[in-house]
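# Topology and contacts: notes
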Amino acid sequence: MKERRRYPRGPRTIALAGGKGGVGKTFISANLAVAIAEAGFRVIAIDTDLEGANLHTWLGVRESSNTLADFVSGREDSLESLLVGTDFENLRLIPATQGHLTHAQPGSERRQKLLKAVQNLDCDLVILDCGAGTHASNVDYFSVSDVAILIIRPEPTSVENAYNFLRSAIFRKMELAMLKPEVQACVREAMDQRNDLGVRTPANLHPLVRSIDPQEARRFNKVLRDFSPQIIINEVLTAEDVRLGFSISEVCKRFFGVDADYLGYISNDEKIRQALRKGAPIVASMPEADASIYLNRVARKLLKQIEWR
Ligand SMILES: Nc1ncnc2c1ncn2[C@@H]1O[C@H](COP(=O)(O)OP(=O)(O)OP(=O)(O)O)[C@@H](O)[C@H]1O
Ligand SMILES: [Mg+2]
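The present account deals with the structure reproduced in this document. (Residues numbered from 1 in each chain as written. Chains lettered and ligands numbered in written order. Predicted model: local features only at pLDDT ≥ 70, side-chain atom pairs only at ≥ 80, totals over all residues. Heavy atoms only, no water.)

To continue, consider the pairing of strand β6 (residues 147-152). Side chains on a regular strand alternate between the two faces of the sheet. A large share of β6 lies buried, amounting to six of its six residues. By the alternation rule, side chains of β6 split into Val147, Ile149 and Ile151 and Ala148, Leu150 and Ile152, which are all buried. The pairing of strand β1 (residues 12-17) with β6 spans four bridges and is classified as parallel. Of the residues in β6, the one forming a bridge with Leu16 is Ile149. Pairing analysis gives four bridges linking β6 to strand β7 (residues 230-236), with the strands arranged parallel. Its bridge partner being in β7, Ile149 is matched across the sheet by Gln230. (Buried < 20%, exposed > 50% of the residue type's maximum accessible area, 1.4 Å probe, protein only. Helix = DSSP H or I, 4+ residues; strand = E, 2+ residues; numbered from the N terminus. Pairing = 2+ DSSP bridges.)

Shown next as structure tokens:
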């Protein structure tokens, strides 16, 4: 058995989002969870998609009676009691809902409680599979995670939704980081895409913040500097699709002022559906498939980037 690693701080968190539905968030969450667990890290994958739960299916886990929905509704206060085992050593799962039931996303208070409980989980790494859309929950999971990954398909709608999602996440990070109530109010107003302040991007917001408080403006810059979202292009077919990751990274720098790293790409691979039908993640059931090779490459790069101490 591989040696287990232990870290003094709580688990590191990775959130996978994208704004758009059906871009591969859950497929990639499941396979990265397996690849990282196989590398010897103790992983907990959490399905936060209360309206379209299917991380359990990708991981070949049958229905569970205890799910994240119980925590969100307040019926359950401990995440530990929701953990279910998988066929993979070092990998456990918290499913989102029971059966095909859908549940409302958590309100702000419950969301904070959930994020705090995640920090107390006994594992090395938590993977949060986010649902589609820019609901405050998805934005919060993405904004506060140690690694925030945007999953993008090479198509204009996916790229557009990813930019909108990233914009929301940056504004949310600012709202959380700013200390003065006037600045927080200004950030909240700017979050609305049709705001009357004329703010479209974080770069537009910075001078407004500076005019209220120069110290807050310095904090603003630091938040932008420290935020490094990661990009994965999924379902790549052509060399142009591969290059898309670099151009998105450049646009993020120019319009948002953030250094978004191009973590990697995953090919469009019919074998993924075959693996899903068998209820086995492709990295485990078909390790030599193209998609598995790309997924493992992404997992290795990801592990190198995480600051463990
Ligand atoms: N690289 C790929 N090659 C081929 N098919 C893929 C690939 N990635 C994802 N798919 C297919 O796309 C579909 C959607 O994937 P997935 O459920 O992971 O998306 P999602 O972003 O989690 O969707 P939702 O927003 O509904 O949660 C699945 O049927 C999956 O088989
Ligand atoms: Mg999904």
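Turning next to the pattern of salt bridges. If you walk through the whole model with that rule in mind, you get 17 salt bridges. Taking the shortest distance from any N to any O, the salt bridge between Asp226 and Lys222 comes out at 2.5 Å. One end of the pair, Asp226, and the other, Lys222, are both in helix α9 (residues 214-226), four residues apart, so they sit about a helical turn from each other. Here Asp226 falls in the exposed class, since its relative accessible area comes to 51%. Residue class for Lys222 comes out partly exposed when judged on its relative accessible area of 43%. (Salt bridge = Lys/Arg side-chain N within 4 Å of Asp/Glu carboxyl O.)

Tallied over the entire structure, the rule returns six aromatic pairs. Look at Phe246 and Tyr262: their rings are 4.7 Å apart centre to centre, the planes differ by 85 degrees, and that puts the pair in the edge-to-face class. A residue pair is termed long-range when its members are at least 10 positions apart, and Phe246 in helix α10 (residues 239-256) and Tyr262 in strand β8 (residues 261-267) qualify at 16 residues. Residue classification places Tyr262 among the buried residues on the basis of a relative accessible area of 10%. For the pair Tyr265 and Tyr294, a centre-to-centre distance of 5.1 Å together with 45 degrees between the ring planes defines the contact as tilted. Of this pair, Tyr265 sits in strand β8 while Tyr294 sits in helix α13 (residues 290-305), placing them 29 residues apart in sequence. Taking the relative accessible area as the measure of exposure, Tyr265 reaches 23% and is therefore partly exposed. Among the aromatic residues, those joined into a cluster by ring pairs are Phe142, Phe165 and Phe227. Geometry around Phe71 places Arg110 over its ring, the cationic atom sitting 4.6 Å from the centre. (Phe/Tyr/Trp six-rings, centres within 6.5 Å; stacked < 30°, edge-to-face > 60°. Lys NZ or Arg CZ within 6 Å of the ring centre and 35° of its normal.)

Right, let's get into the sheet that holds strand β5 (residues 125-129). A sheet is described by the order of its strands in space; here eight strands give the open sequence β3-β4-β2-β5-β1-β6-β7-β8, paired in mixed fashion. Only two strands of the sheet have a single neighbouring strand rather than two, namely β3 (84-85) and β8. With respect to the sheet, helix α6 (residues 156-177) is in contact with β1 and β6, its orientation differing from that of β6 by roughly 155 degrees. Most of the contacts of α10 go to β7, to which it runs at about 155 degrees, and overall it touches β6, β7 and β8. (Contact = heavy atoms within 4.5 Å. Axes fitted to C-alpha atoms, helices over the stretch in contact; angles between N-to-C directions.)

Glancing now at the pairing of β7. With six of seven residues buried, β7 lies mostly within the body of the structure. Relative to β8, β7 is paired through six bridges, and the arrangement is parallel. Across the sheet, residue Ile231 finds its bridge partner in β8, namely Tyr262. Crossover β7 to β8 through α10 is right-handed. (Right-handed = clockwise from strand over helix to strand, strands pointing away.)

Time to look at the packing of helix α4 (residues 108-119) against helix α5 (residues 136-144). Closest axis-to-axis distance for the α4/α5 pair is 11 Å, and the angle between their directions is 35 degrees. Our pair here, α4 against α5, has a crossing hand that is right-handed. Counted together, Arg111, Gln112, Leu114 and Leu115 of α4 and Ala136, Ser137, Asp140, Tyr141 and Val144 of α5 form the full contact between these two elements. For the contact of α4 with α5, the class distribution of residues is five nonpolar, two polar and two charged. (Left-handed = near helix turned anticlockwise from the far one by under 90°. Nonpolar A, V, L, I, M, F, W, Y, C, P; charged D, E, K, R; others polar.)

A few words on the environment of Ile232. Secondary-structure assignment places Ile232 in strand β7. For Ile232, a relative accessible area of 0% corresponds to the buried category. Residues Ile232 and Tyr265, spaced 33 residues apart in sequence, show a C-alpha to C-alpha distance of 5.3 Å. With residues near it in sequence (within four places) discarded, Ile232 still touches Ile28, Ile149, Leu150, Ile151, Ile152, Leu263, Gly264, Ile266 and Val298.

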